Amino acid sequence: MIEESLLEAGEKMEKAVGVAKEDFAAIRTGRPGPATFNKITAEYYGTQTPINQLASFSVPEPRMVVVSPFDKSSLSAIERAIRDSDLGVNPANDGNVIRVVFPDLTEERRKEYIKVVRSKAEDGRVSIRNIRRSYKDTLDKAVKSGEISEDEGRRAQEQLDELTHTHVGEIDELLKHKESELLEV
């Protein structure tokens, strides 16, 4: 029972780290890429659909991304979704493709991105701590009901704390890497 709980907690914490990694990838550092558009959805036949499922992306120039919709009727919806997103860009539609030109990253914009990255890292840490709290409660109930001894409960809690510390450390490492990437000029 203890091993299963710890394994389950570890898997959930891994997922939280994965979500933080995806969030960090969506924040551009220099050259924009398709990952920049991962979280953007457009309305397609009445359903919110991620635009990376509606179009292909190419990067012909360092600051430009060309979005080529698979279905030309979705062109205006994709353009609207990109314009309304938090990317701060104004896409240009020529009837066939959408050209998205990203402005140079100014020092001010880089600092804004660092704040966003730190907030996403904190969200990841909170998520991991919530997972820890949930499994700690499960362990406490198991000790209280007599399913496991107090010593086993204490050992399992130490393993859970170690697991938590490891995953929080991974997020901190990702944050440090992303911050240094953003500060590069």
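Residues numbered from 1 in each chain as written. Predicted model: local features only at pLDDT ≥ 70, side-chain atom pairs only at ≥ 80, totals over all residues. Heavy atoms only, no water.

Caption draft 1: Fine view of helix H4 (residues 150-183). Between its terminal C-alpha atoms H4 stretches 49 Å, which fits the 50 Å expected from 34 residues at 1.5 Å a residue. Buried-residue contacts for H4 involve helix H1 (2-25) and helix H3 (107-145). (Helix = DSSP H or I, 4+ residues; strand = E, 2+ residues; numbered from the N terminus. Expected span 1.5 Å × (residues − 1). Contact = heavy atoms within 4.5 Å.)

Caption draft 2: Up close: the packing of H1 against H4. It is the contact of H1 with H4, at a shortest axis distance of 10 Å, that shows an interaxial angle of 10°. It follows from the interaxial angle that H1 and H4 lie roughly parallel. In this structure, H1 contributes Ile2, Leu6, Ala9, Gly10, Met13, Glu14, Val17, Ala20, Lys21, Phe24 and Ala25 to the contact, and H4 contributes Glu152, Ala156, Gln159, Leu160, Leu163, Thr164, His167, Glu170, Ile171, Leu174, Leu175 and Lys178. Split into classes, the residues belonging to the contact of H1 with H4 amount to 14 nonpolar, four polar and five charged. (Axes fitted to C-alpha atoms, helices over the stretch in contact; angles between N-to-C directions. Parallel < 35°, antiparallel > 145°, perpendicular 65-115°, else oblique. Nonpolar A, V, L, I, M, F, W, Y, C, P; charged D, E, K, R; others polar.)

Caption draft 3: Main features of a negative patch on the surface. Negative charge collects at one region of the surface, where Glu3, Glu4, Glu8, Glu11 and Glu152 lie side by side. When residues of the negative patch are assigned to their parent elements, the largest contribution, four residues, is made by H1. Summarising the element assignment, Glu3 is placed in helix H1. According to the relative accessible area criterion, Glu3 is exposed, its value standing at 60%. (Patch = residues over 30% accessible without salt bridge, like charges linked within 9 Å, V, L, I, M, F, W, Y side chains within 5 Å. Areas by Shrake-Rupley, 256 points an atom, 1.4 Å probe, with all protein chains shown as cover. Salt bridge = Lys/Arg side-chain N within 4 Å of Asp/Glu carboxyl O. Lys, Arg positive; Asp, Glu negative; His and termini not counted. Charge placed at Lys NZ, Arg CZ, Asp CG, Glu CD. Buried < 20%, exposed > 50% of the residue type's maximum accessible area, 1.4 Å probe, protein only.)

Caption draft 4: Structural detail: the nonpolar core. Ranked by internal contacts, the top residues of the largest apolar core, which has 26 residues, are Val117, Ile128, Leu160 and Ile171. Elements supplying a minimum of two residues to this core: H1, H3 and H4. Contacts of Ile128, omitting those with residues within four sequence positions, involve Met13, Ala16, Val17, Thr164, His167, Val168 and Ile171. Within the second largest apolar cluster, 19 residues are counted, among which are Ile51, Ala77, Val89 and Ile98. (Core = buried A, V, L, I, M, F, W, Y, C linked by side-chain atoms within 4.5 Å.)

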